[in-house]
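This is what each chain is made of:
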Amino acid sequence: MAIEIGDEAPDFELPDQDRAPVRLSSYRGKKNVVLVFYPLSFTGTCQAELCTIRDQIEDFTGDDVVTLAVSVDSTAVHKRWADEQGYTFPILADFWPHGQVSRQYGVFDEAGGFALRGTFIIDKAGRVAYTVVNPMSTARDADDYRKVLASL
């Protein structure tokens, strides 16, 4: 099922790299959410994308916005990667049931067993304001996220 602009974002709760539960709906009415699905931790393109967010964190975390990254890796993998790379935003484990949230958002690659490069910007009302899904080899452009966030 593809998620489209204007749809209500499917709610979920996943553990972050510190095993703290993060529920999407807890941001409703408070913050816009940049929801970034990525295939696997410790891989080149994924690391480059998340390092861009890390290096420009003031654009992606603050009073009006939060960034949540999601992959099928475990919380232990996320913790090590976040510590090594200095990621201060939540990295959520869609580990078990394997890929359940990725499937809800229509970005789970059944053959590979991981999430595709999908990004969803969810406004404060809980509606999808932007969506993009890129092939495995194609990085997303964080400037696109900035443009959408500026319009919300």
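Cut-off values and rules
Residues numbered from 1 in each chain as written. Predicted model: local features only at pLDDT ≥ 70, side-chain atom pairs only at ≥ 80, totals over all residues. Heavy atoms only, no water. Helix = DSSP H or I, 4+ residues; strand = E, 2+ residues; numbered from the N terminus. Expected span 1.5 Å × (residues − 1). Buried < 20%, exposed > 50% of the residue type's maximum accessible area, 1.4 Å probe, protein only. Contact = heavy atoms within 4.5 Å. Salt bridge = Lys/Arg side-chain N within 4 Å of Asp/Glu carboxyl O. Pairing = 2+ DSSP bridges. Axes fitted to C-alpha atoms, helices over the stretch in contact; angles between N-to-C directions. Arc of directions from axis to C-beta. Polar contact = N/O pair within 3.5 Å; in protein donor to acceptor, adjacent residues only side chain to side chain.

### Description of helix α1 (residues 44–55)
Link 1 in the chain: The first and last C-alpha atoms of α1 sit 16 Å apart over 12 residues, in line with the 16 Å expected at 1.5 Å per residue.
Link 2 in the chain: The set of residues buried in α1 consists of Cys46, Glu49, Leu50, Cys51 and Ile53.
Link 3 in the chain: On the buried face of α1, the contacting elements are β3 (32–37), β4 (65–71), α2 (75–85) and β8 (117–122).

### Brief notes about the pattern of salt bridges
It is possible for side chains of opposite charge to pair when their charged atoms get near one another.
Link 1 in the chain: Going through the model one piece at a time under the given rule, you end up with 13 salt bridges.
Link 2 in the chain: Between Glu8 and Arg28 there is a salt bridge, and its shortest N-O distance comes to 3.6 Å. Pair noted here: Glu8 is in the segment before β1 (13–15) and Arg28 is in the loop between β2 (21–23) and β3, with a separation of 20 residues, a long-range link.
Link 3 in the chain: Under the relative-accessibility criterion, Glu8 is labelled partly exposed at 46%.
Link 4 in the chain: The partner of Arg146 in a salt bridge is Asp59, with the nearest N and O atoms 2.6 Å apart. Of the two residues, Arg146 sits in helix α4 (residues 142–151) while Asp59 sits in the loop between α1 and β4, which places them 87 residues apart along the sequence.
Link 5 in the chain: Accessibility expressed as a relative area gives 22% for Arg146, which makes it partly exposed.

### Regarding the sheet that holds strand β5 (residues 91–93)
Link 1 in the chain: The five strands lie next to each other as β5-β4-β3-β8-β9, forming an open sheet whose pairing is mixed. The open sheet is flanked by β5 and β9 (128–134), the only strands paired with a single partner. Along the sheet, successive strands turn relative to each other by an average axial angle of 20 degrees, direction set aside.
Link 2 in the chain: Judged from the four bridges that link them, β3 and β8 form a sheet pairing that is antiparallel. Note that in β8 the partner of Val34 across the bridge is Ile121.
Link 3 in the chain: This element, α2, spans β4 and β5 of the sheet and lies at about 165 degrees to β5.

### Notes on α4
Link 1 in the chain: Among all positions of α4, only Ala142, Tyr145, Val148 and Leu149 are buried. One side of α4 holds all its buried residues, which, seen down the axis, span an arc of 115 degrees. Summarising the geometry of α4, the exposed residues directed more than 90 degrees from the buried face are Lys147, Ala150 and Ser151.
Link 2 in the chain: Contacts from the buried residues of α4 go to β3, α1, β4, β8 and β9.
Link 3 in the chain: Measuring from the side-chain oxygen of the N-cap residue of α4 to the backbone nitrogen of Asp143 gives 2.9 Å; that N-cap residue is Asp141.

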